[in-house]
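Spelled out, the chains give:
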Amino acid sequence: MASFIYLDNSATTKVRDEVCEAMRPYLCDKWGNPSSLHRLGYQARTAMSKAREQAAQLIGATPDEVYFTPCGTFSNNMALLGRAQFVEANGMGRHLITTCIEHTSSLGPAKHLMSRGWKVSHLHVSDEGVVDLEELKSIISGETSIISLMWANNEVGTVQPVEEIAKIAAERNIYFHSDAIQVPGKLKIDMARTPVSSLSLSGHKFYAPKGIGLLYVRKGMDIAPILFGGGQEHGISPGTESLSNIVAIGAAAELAHNELQHNTAHLRAIQKLLIEKLTASPAVKLSGTCMESRLPGHVSLIVEGTVGEQLVVEADLKGVCISSVSACKQVGKDPSHVLACMGLKHEQVIGSARITAGRFNTLEECDKAAEILLEIFTKRAGAGNPAPAPANV
Ligand code: PLP
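No experiment lies behind these values; they were computed from the predicted model shown.

(A) Representation of the sheet that holds strand β6 (residues 175-179). Strand order in the open sheet made by the 7 strands is β2-β8-β7-β6-β5-β3-β4, with mixed pairing throughout. Looking at which strands have only one partner, the edges of the open sheet turn out to be β2 (66-69) and β4 (119-123). Within this sheet the neighbouring strands show an average axis-to-axis angle of 20 degrees, counted without direction. For strand β5 (residues 144-148) and β6, the ladder comprises 3 bridges, and the chain directions are parallel. Pairing of I146 across the sheet is with Y175, part of β6.

(B) Here's a closer look at the domain arrangement of the protein chain. In terms of domain boundaries, the protein chain breaks down into domain 1 (17-258) and domain 2 (260-382). In this complex, domain 1 contributes 29 residues to the contact, which on the side of domain 2 involves 27 residues. Between domain 1 and domain 2 the total buried area reaches about 2,300 Å² when both faces are included, carbon and sulfur atoms providing 59% of it. Those elements that provide at least two residues to the side of domain 1 that touches domain 2 are α5 (104-115) and α8 (243-258). Ranked by the residues each element gives to the side of domain 1 that touches domain 2, the list is headed by α8, at 3 residues. When grouped by side-chain class, the residues that make up the side of domain 1 that touches domain 2 number 11 nonpolar, 12 polar and 6 charged.

(C) Up close: the environment of L7. Within the secondary structure layout, L7 lies in the loop between β1 (5-6) and α1 (17-23). Here the alpha-carbon distance between L7 and A357, two residues 350 residues apart in the chain, equals 5.1 Å.

(D) Broad picture of the packing of helix α9 (residues 260-278) against helix α13 (residues 363-380). Here α9 crosses α13 at 25 degrees, and the two axes come no closer than 9 Å. Here α9 lies roughly parallel to α13, going by the angle between them. As for the relative orientation of α9 and α13, their crossing is right-handed in sense. Seen from α9, the contacting residues are A269, I270, L273, L274, K277 and L278; seen from α13, they are L363, C366, D367, A370, E371, L373, L374 and F377. For the contact of α9 with α13, the per-class residue count stands at 11 nonpolar, no polar and 3 charged.

(E) Representation of the packing of aromatic side chains. Counted under the stated rule, the structure contains 1 aromatic pair. Taking 5.7 Å as the distance between ring centres and 85 degrees as the angle between the ring planes, the aromatic pair formed by Y207 and F360 counts as edge-to-face. On the criterion of sequence distance, the pair formed by Y207 in the loop between β7 (198-202) and β8 (213-217) and F360 in the loop between β12 (352-356) and α13 is long-range, its members being 153 residues apart. Given the relative accessible area of 9%, Y207 is considered buried. The ring of F360 carries K14 above its face, with NZ or CZ at 4.9 Å from the centroid. Positioned above the aromatic ring of F360 is the side chain of R359, whose terminal nitrogen or guanidinium carbon lies 5.3 Å from the ring centre.

(F) Examining the side chain of R16 more closely. Topologically, R16 is positioned in the loop between β1 and α1. Sequence-distant contacts of R16, defined by excluding residues within four places in its chain, comprise Y207, L255, E259, R359 and F360.

(G) Quick peek at the pairing of β2. Of the two faces of β2, the one lined by V66 and F68 and the one lined by Y67 and T69 are each fully buried. Of the strand pairs in this sheet, β2 and β8 are connected by 4 bridges, and their pairing is antiparallel. In the strand pairing of β8, V66 is matched with Y216.

(H) Molecular detail of the pattern of salt bridges. Per the counting criterion, the structure on display carries 16 salt bridges. A salt bridge links K219 to D64; the nearest nitrogen and oxygen atoms lie 3.8 Å apart. Residue K219 is located in the loop between β8 and α8, and its partner D64 is located in the loop between α3 (39-59) and β2; the two are separated by 155 residues in the primary sequence. Residue D64 is classed as partly exposed on the basis of its relative accessible area of 47%. Between D367 and K277 there is a salt bridge, with the nearest N and O atoms lying 2.8 Å from each other.

(I) Local environment of the pairing of β8. Of all 5 residues making up β8, 5 are buried, and the element is well covered by its neighbours. Side-chain alternation along β8 places G213, L215 and V217 on one buried face and L214 and Y216 on a second face that is also buried. As judged from the 5 bridges shared by β7 and β8, these two strands associate in the antiparallel manner. If you follow L199 over to β8, its bridge partner there is Y216.

(J) Region of interest: the nonpolar core. Core analysis: the largest hydrophobic core is formed by 65 residues, its most contacted members being I59, I147, W151, F176, I189, M191 and L199. Residue contributions to this core peak at 10 residues, all from α8. Split by domain, this core shows at least three residues from each of two domains, domain 1 (17-258) and domain 2 (260-382). Discounting residues that sit within four places of it in the chain, L199 has contacts with I59, W151, H177, S178, A180, I189, M191, L214, L215 and Y216.

(K) Here's a closer look at the state of the cysteines. Following the criterion strictly, the structure yields 0 disulfides and no others. Sulfur of C321: no disulfide; nearest cysteine sulfur belongs to C366 and is 12 Å away. Using a relative accessible area of 0% as the deciding quantity, one classes C366 as buried.

(L) Local environment of empty space enclosed by the protein. Across all of its chains, the model carries 4 cavities of 30 Å³ or more by this definition. A volume near 70 Å³ is recorded for the largest cavity. If you trace the largest cavity, you find it lined by R16, G185, F206, Y207, A252, L255, A256, E259, N263 and R359. Tallying contributions element by element places α8 first for the lining of the largest cavity, with 3 residues. Of the residues that constitute the lining of the largest cavity, the class distribution is 5 nonpolar, 2 polar and 3 charged.

The rules behind the values
The residue count restarts for each chain, going from 1 along the sequence in the order it is written. Since the coordinates come from a predicted model, pLDDT governs what is reported: local features require at least 70, and pairs of side-chain atoms require 80 or more to be given and counted, while whole-chain, interface and lining totals use all residues. Excluded from the side-chain calculation are hydrogens and water; included are all heavy atoms of the structure. For two strands to be treated as a pair, DSSP must find at least two bridges joining them. A run of H or I in DSSP counts as a helix once it spans at least four residues, and a run of E counts as a strand once it spans at least two, with each numbered from the N terminus. To get an axis, fit a line to the C-alpha atoms, keeping to the stretch in contact for a helix; angles then go from 0 to 180 degrees between the N-to-C directions. Source of the domain bounds: an automatic or database domain assignment. Every residue pair with non-hydrogen atoms within 4.5 Å of one another is taken to be in contact. When two parts are brought into contact, each loses some accessible area as probed by a 1.4 Å sphere; the total of that loss over both is the buried area. Side-chain classes follow a simple rule in which Ala, Val, Leu, Ile, Met, Phe, Trp, Tyr, Cys and Pro form the nonpolar group, Asp, Glu, Lys and Arg form the charged group, and the remainder, Gly included, forms the polar group. Note on terminology: angles under 35 degrees are roughly parallel, angles over 145 are roughly antiparallel, angles of 65 to 115 are roughly perpendicular, and the others are oblique. By definition, any crossing whose near helix is turned counterclockwise from its far helix by less than a right angle is left-handed, and any crossing with a clockwise turn is right-handed. Stacked, edge-to-face and tilted are the three classes for Phe, Tyr and Trp ring pairs, Trp counted by its six-membered ring, which pair at centre distances within 6.5 Å; planes under 30 degrees apart are stacked, over 60 edge-to-face, the rest tilted. Exposure categories follow from relative accessible area, calculated using a 1.4 Å probe and restricted to protein chains: below 20% of the type maximum is buried, above 50% is exposed, and the middle band is partly exposed. Sitting over a ring, as applied to charges here, requires NZ of Lys or CZ of Arg to be within 6 Å of the ring centre and within 35 degrees of the ring normal. Definition used for salt bridges: Asp or Glu carboxyl oxygen within 4 Å of a side-chain nitrogen of Lys or Arg. The set of buried Ala, Val, Leu, Ile, Met, Phe, Trp, Tyr and Cys residues whose side-chain atoms join them within 4.5 Å is what this entry labels a nonpolar core. By definition, disulfides here are pairs of cysteine sulfur atoms that lie within 2.5 Å. Detection works on a 1 Å grid of protein atoms alone, calling trapped sets that fit a 1.4 Å probe cavities and calling open sets with protein on both sides within 12 Å along at least five of seven lines pockets, with lining residues defined by an atom within 4 Å of a point. Grid points are joined across faces, edges and corners, and a volume is the space filled by probe spheres set on the points.

Written out as structure tokens, the structure reads:
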């Protein structure tokens, strides 16, 4: 039994025992290079094919539309910069539409494209973090060649109307990339139903190890290589494949697919309990959207008058692991571009807490965690020492 309660599953998840077991032989015995012609190479290629099928099944794709990558950040960069490369080479319009609440691994390539002369439009989001489809339609022009919108936000858990966005893009023949990194095992992803052009996933968000990601690219959608090497993964992710990690993400994908219903119900029950208990205090407000359009298991809160990082440290001292904003950012740098884009005031942005449940959490431990957190939040509210707003906010 762990001596702490881990409620930071949007940052990363524990590798499942079944996943460890599946990958172990590919570290110890079957460690061949998939490019080798001999038996070890054949063994490795066979294992990769199985993993590709498992991953494809998770998202309703065909195996030849799935590419293994080193991480989600790589997948987002590859999709956006690779498509941009194709657009430029074919003399198409250089207009990218995105939002200001994307993960930095999508915002970064968009910013880079601006330096290459692209026009980048950032859609507004509502105070719940949802894009406005009418604004999207009105911004699209004859020059628009890429739309990049995340499926669900990592900081506030808001789920976007991806199906509608995909249809808007498909009707206008515009490439649509979606970062779905927070979604597997929580909501259904079905590429047969949702006409997304490309999609990013990351293994460590659904119980595979860190250092393995996926990029789905729909058949017929071209992206040009941005890295050059041995041509592995059709040049999308060149370099000798991380065989054991690939086997791991395949196993994790199969489990996520088979257990989706059960997992979602479990996470919804925990989410309901956490939201009810924690928002019982007038000092605590739910940020983002209501439960129905929020990722299962995701709770994001504003505890006014507090500093999120203090809440995290205090919770840790009491044995509960949560986060303030995104774990992918340097502490103290930019509290949350997401909450700021949603129109929250600086004092609210810095008092944010994110509590994200996973499959290993029990209702009982979450009940206990909620009591501990509520006590900390209530004590800290009004007694915190929020930092002054930086000059550029
Ligand atoms: N996109 C989202 C929504 C994320 O939550 C993360 C990680 O936190 C990433 C992208 C980056 O994924 P990775 O850590 O695999 O590079």
